Amino acid sequence: MHNREKSSCWVFAGLWVTILLTAVYWHFAGRDFSAFILLSDNNIEQVAFNEEVKVYPHDGYDGQFFYALALHPFERITATFNPPSENSLDRPFASGIRIDNPVLRTKRIGYPLLAWAANGFGQGGYLPFALVLINILGIGLAIGICFLLTMLFKAPSYYCLMPLAFIGTWICLFRDLSDHLGVAFGLLSLYFVVKKRFWAFALMGTAAMLTKETVIFILLGGAFSIGLSALRQKQYERIMLLSFPFLAYLGWSTFLGWHTPSDGTLLKHFDWPFAGIARGYIKALPLPLFWLGTFVPIALISLEGLLELWKTRLRSLFQPVTLIFLFNLVFVLLLSKAIYEDPFSFARNMLPLQYAAMLLLIQQKQGVSWFTIVVSAGTATLFYFASILNL
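If you're wondering where the values come from, they're calculated on a predicted model, not measured in any experiment. (Residues numbered from 1 in each chain as written. Predicted model: local features only at pLDDT ≥ 70, side-chain atom pairs only at ≥ 80, totals over all residues. Heavy atoms only, no water.)

**A short note on the overall build of the chain**
Scanning the chain from N- to C-terminus turns up 19 helices and 2 strands. Here the chain, with 391 residues, has 56% of them falling under the buried criterion. Here the chain has roughly 17,900 Å² of accessible surface; of this, 67% comes from carbon and sulfur atoms. (Helix = DSSP H or I, 4+ residues; strand = E, 2+ residues; numbered from the N terminus. Buried < 20%, exposed > 50% of the residue type's maximum accessible area, 1.4 Å probe, protein only. Areas by Shrake-Rupley, 256 points an atom, 1.4 Å probe, with all protein chains shown as cover.)

Now the structure itself:
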């Protein structure tokens, strides 16, 4: 017990590092938490918009839509399910902020709903701070679950800090995105399913799916692995609990999209493997270094994971972590149009794959190579300073 308590200091160290680096970024952003939202002036109606939030002259990023949802989550859900008129969703809502794809954004209600609750259930005046705080806690939760899994896999506990070396970690934090919370809930679901706590998996898996649907491959790997054993033993109650998060998400998506069209389906994003990254170099010529900086560390940890699987001759193929890694890798290779739209989308959508590769290596060989760690940490550090200089 003493060694476990001593090792848990890594979790608190990771949380404090996250807080410190966020505070430095906040300082250079003019000590304004609304700078994390990246709200575009193209998406607001000045007459209705009365919030004290920093507005940018460019397109902004997805954090602006989570902010809009967090201002009026239940009103937005109602308006998305049953819009008052055919063109009502093209106009700014009561908040004065236009949401580009109401169904797609509202499906990810978990993050803005928690931010709304943290903002005094909509009565406080500190929503921009609440959005950042929840993301910091999401990173801390993810590090904490990684710590529990390192203990379970009998690996050195300091590997739980590896997520801080992922560029996507900082992109999502500095842009008020839901990926951190989704991954954290997904990892917690994995821990529950490995420990065979099926009710907890059903509840936390549902929370993960309603926060960021791309964590489906984290849940699917664990559910498929354990579900095979449950199916052989005819444990149908367990199979239903393992299926619940996916059924809940399907029901939620159907409910929101019943009266409102959406272009957020996955099928439209299928393309040739890695075709998107080629377009990224062609269309964003000033950013090839950024593309390379995001691609190399992800490719390294993925290749290291594949090499380790090859060494074991796939003996662990149906273990939860192995399936999670393979499912995420296939997702990355096939859904290239969705992932490679720009280097920011690339880095944030690769987070589940990086977590999966890290956990696979921790389970299989109790560690990640120091070369991969140094490259990942180096590129993340460069991105951090570049982000501050670009403020």
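**Thoughts on the nonpolar core**
Tyr-67, Leu-187, Phe-325, Tyr-355, Met-358 and Val-368 are the most contacted members of the largest nonpolar core, which has 111 residues in total. A total of 13 residues in this core trace back to one element, the largest contributor, which is helix H7 (residues 127–152). Not counting chain neighbours up to four residues away, the residues in contact with Val-368 comprise Tyr-159, Met-162, Ile-301, Glu-304, Met-358, Leu-361 and Ile-373. (Core = buried A, V, L, I, M, F, W, Y, C linked by side-chain atoms within 4.5 Å. Contact = heavy atoms within 4.5 Å.)

**Some details on empty space enclosed by the protein**
What the rule picks out here adds up to 1 cavity of 30 Å³ or more. Estimated volume of the largest cavity: approximately 40 Å³. Surrounding the largest cavity, Ala-165, Phe-166, Ile-167, Gly-168, Thr-294, Pro-297, Ile-298, Ala-347, Gln-354 and Thr-379 form its lining. Tallied by class, residues from the lining of the largest cavity come to 6 nonpolar, 4 polar and no charged. (1 Å grid on protein atoms, 1.4 Å probe; cavity = no way out; pocket = protein on both sides within 12 Å on 5 of 7 lines; lining within 4 Å. Points joined across faces, edges and corners; volume = space filled by probe spheres on them. Nonpolar A, V, L, I, M, F, W, Y, C, P; charged D, E, K, R; others polar.)

**A closer look at the side chain of Ser-387**
Mapping Ser-387 onto the fold places it in helix H19 (residues 370–389). A residue is classified by how much of its surface remains accessible, and Ser-387, at 12% relative accessible area, is buried. Among residues more than four places away in sequence, those in contact with Ser-387 are Tyr-25 and Phe-174.

**Let's talk about helix H11 (residues 216–232)**
In this model H11 runs 23 Å from its N-terminal to its C-terminal C-alpha over 17 residues, within 8% of the 24 Å that 1.5 Å per residue would give. Among the structural elements, helix H9 (179–194), helix H10 (198–209), helix H12 (236–256), helix H15 (320–334) and helix H18 (351–365) are those in contact with the buried residues of H11. Just downstream of H11, Lys-234 is the residue with a positive phi angle, here 55°. (Expected span 1.5 Å × (residues − 1).)

**Here's the deal with a nonpolar patch on the surface**
Taken together, the side chains of Tyr-126, Phe-129, Leu-133 and Leu-137 present a nonpolar region at the surface, about 360 Å² in accessible area. Assignment of secondary structure puts Leu-137 in helix H7. (Patch = residues over 30% accessible without salt bridge, like charges linked within 9 Å, V, L, I, M, F, W, Y side chains within 5 Å. Salt bridge = Lys/Arg side-chain N within 4 Å of Asp/Glu carboxyl O.)

**Quick word on the environment of Gln-123**
Tracing the chain through its elements places Gln-123 in the loop between helix H6 (110–118) and H7. Between the alpha carbons of Gln-123 and Leu-71 there is a distance of 9.6 Å; along the sequence they are 52 residues apart.

**Observations concerning the environment of Asn-119**
Along the chain, the position of Asn-119 falls in the loop between H6 and H7. Taking the C-alpha atoms as reference points, Asn-119 and Ala-130, separated by 11 residues in sequence, lie 6.2 Å from one another. Residues in contact with Asn-119, not counting those within four places in the same chain, are Gly-124, Gly-125, Tyr-126, Leu-127 and Ala-130.

**Points about the packing of H11 against H12**
Relative to each other, H11 and H12 sit at 165°, their axes nearing to 9 Å. Classified by the interaxial angle, the pair formed by H11 and H12 is roughly antiparallel. Note that H11 runs across H12; the crossing there is left-handed. Contacts from Ile-216, Leu-219, Leu-220, Ala-223, Ile-226, Gly-227, Ala-230 and Leu-231 of H11 reach H12 at Arg-238, Ile-239, Leu-242, Pro-245 and Phe-246. (Axes fitted to C-alpha atoms, helices over the stretch in contact; angles between N-to-C directions. Parallel < 35°, antiparallel > 145°, perpendicular 65-115°, else oblique. Left-handed = near helix turned anticlockwise from the far one by under 90°.)

**Examining the pattern of salt bridges**
Applying the stated criterion across every chain, the model contains 7 salt bridges. A salt bridge links Arg-105 to Asp-100; the nearest nitrogen and oxygen atoms lie 2.9 Å apart. A salt bridge links Asp-179 to Lys-212, with the shortest nitrogen-to-oxygen separation between them at 2.8 Å. Here the residue Asp-179 occupies a position in helix H9, and Lys-212 occupies one in the loop between H10 and H11, the gap between them amounting to 33 residues. As far as burial versus exposure is concerned, Asp-179 and Lys-212 are alike and both buried. A network of salt bridges, in which partner residues are shared, links Asp-62, Asp-100, Arg-105, Asp-179, Lys-212 and Arg-348.

**Side note on the packing of helix H3 (residues 63–71) against H7**
The interhelical angle for the contact between H3 and H7, taken along N-to-C directions, is 115°, at an axis separation of 11 Å. As for how H3 packs across H7, the hand of that crossing is right-handed. Here H3 contributes Tyr-67, Ala-70 and Leu-71 to the contact with H7, which in turn contributes Leu-127, Pro-128 and Leu-131. Its residues assigned to classes, the contact of H3 with H7 shows 6 nonpolar, no polar and no charged.

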